[in-house]
Amino acid sequence: MITMDDIIREGNPALRAVAKEVSVPLSDEDIKLGEEMMEFLHNSQDPIKAEELGLRGGVGLAAPQLDISKRIIAVHVPSGDLENPEPTLSAVMYNPKILSHSVQDACLGEGEGCLSVDREVPGYVVRHNKITLSYVDAAGVKQKIRLKNYEAIVVQHEIDHLNGVMFYDHINQENPYALKDGVLVIE
Ligand code: FHF
Ligand code: ZN
């Protein structure tokens, strides 16, 4: 089982490396890793298990955060509304690739954090508002999807980890809350 002890923290050079693509068909090892990454996200979002295991709540995890330099991410975005649950994004993605993106940018109004960063970093993390993404799913099938808003932001945070990029690399150094015209702020 993956716990916080398995997650490497900023300062570790492995977080700045470019991860390697996985081979397809997927190996049993890579499939199992993906399952464990998804289990971590589920546990981290379960108040009882998160407390027991001392987990920070997470909506995404990338293999390099486990010191595994492979292009594997897991995302599990919970539904906000308990009465009218909308379909959520929940997937392990192998070799995810942004094929195209909107001209419009977006950021989370609350900024971002990271399981590999044990401090608050204030500021807007400006990203693409919409992305078209390809990836290989856990069954080894190639998928192509469009994402927008929060889900697109989470996936871009995870793909950044595959390229050695940290969320604060996208924050304006002079003024962390400066925004160009037209950037969507997601609350
Ligand atoms: C998180 N947690 O998941 C953050 C960190 C925007 O690479 O967002 O470092 F648990 C992956 C509902 C809403 C339930 C939010 C992408 C952030 C990715 C993990 N928690 C949440 C929740 C959360 C990082 N990460 C603050 C830990
Ligand atoms: Zn992160």
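Remember, predicted model here, so these are calculated numbers, not experimental data.

A. Highlighting the coordination of the zinc ion (ligand 2). Binding of the zinc ion (ligand 2) to the protein goes through Cys114 (SG), His157 (NE2) and His161 (NE2), at separations of 2.1 to 2.4 Å. Along the chain, the residues donating to the zinc ion (ligand 2) fall in the pattern C-x42-H-x3-H. Here the residue cysteine 114 occupies a position in the loop between strand 4 (105-108) and strand 5 (127-128), and histidine 157 occupies one in helix 3 (residues 149-162), the gap between them amounting to 43 residues. When sorted by exposure, cysteine 114 lands in the same class as histidine 157, which is buried.

B. Spotlight on the nonpolar core. One finds Ile7, Met37, Phe40, Leu61, Leu66, Ile72 and Tyr94 to be the most contacted residues of the largest nonpolar core, which totals 21 residues. Elements with a minimum of two residues in this core: helix 1 (28-45), strand 2 (72-76) and strand 3 (90-101). Per-element accounting of this core gives the leading share, five residues, to helix 1. In this structure methionine 37 touches Ile2, Leu61, Ala62, Ala63, Leu66, Ile72, Ile73 and Ala74, once residues within four positions along its chain are discounted. Ala91, Ile131, Val154 and Leu162 belong to the second-largest nonpolar core, a separate cluster that totals 16 residues.

C. Broad picture of the pairing of strand 6 (residues 130-136). Taking burial as the measure, the seven residues of strand 6 include six buried ones, the bulk of the element. Across five bridges, the pairing between strand 3 and strand 6 is antiparallel. Looking at strand 6, one finds that lysine 97 is bridged to serine 134. Direction of pairing for strand 6 relative to strand 7 (residues 142-148): antiparallel, over a ladder of seven bridges. Within strand 7, the residue paired with valine 136 across the bridge is lysine 142. Two successive antiparallel strands, strand 6 and strand 7, enclose a turn made up of five residues, where glycine 140 displays a positive phi of approximately 85 degrees.

D. Examining the packing of aromatic side chains more closely. A full pass over the atoms with the stated rule returns two aromatic pairs. Geometrically, the ring pair formed by tyrosine 124 and tyrosine 177 is edge-to-face, given 5.0 Å between the ring centres and 90 degrees between the ring planes. Here tyrosine 124 is found in the loop between strand 4 and strand 5, whereas its partner tyrosine 177 is found in the loop between helix 3 and strand 8 (184-186), with 53 residues between them in sequence. Accessibility expressed as a relative area gives 17% for tyrosine 124, which makes it buried. For the pair phenylalanine 167 and tyrosine 168, a centre-to-centre distance of 5.3 Å together with 70 degrees between the ring planes defines the contact as edge-to-face. Residue tyrosine 168 is classed as buried on the basis of its relative accessible area of 18%.

Procedures and definitions
Residues numbered from 1 in each chain as written. Chains lettered and ligands numbered in written order. Predicted model: local features only at pLDDT ≥ 70, side-chain atom pairs only at ≥ 80, totals over all residues. Heavy atoms only, no water. Donors = N, O, S within 2.8 Å, 3.2 Å for Na, K, Ca; no water. Helix = DSSP H or I, 4+ residues; strand = E, 2+ residues; numbered from the N terminus. Buried < 20%, exposed > 50% of the residue type's maximum accessible area, 1.4 Å probe, protein only. Core = buried A, V, L, I, M, F, W, Y, C linked by side-chain atoms within 4.5 Å. Contact = heavy atoms within 4.5 Å. Pairing = 2+ DSSP bridges. Phe/Tyr/Trp six-rings, centres within 6.5 Å; stacked < 30°, edge-to-face > 60°.

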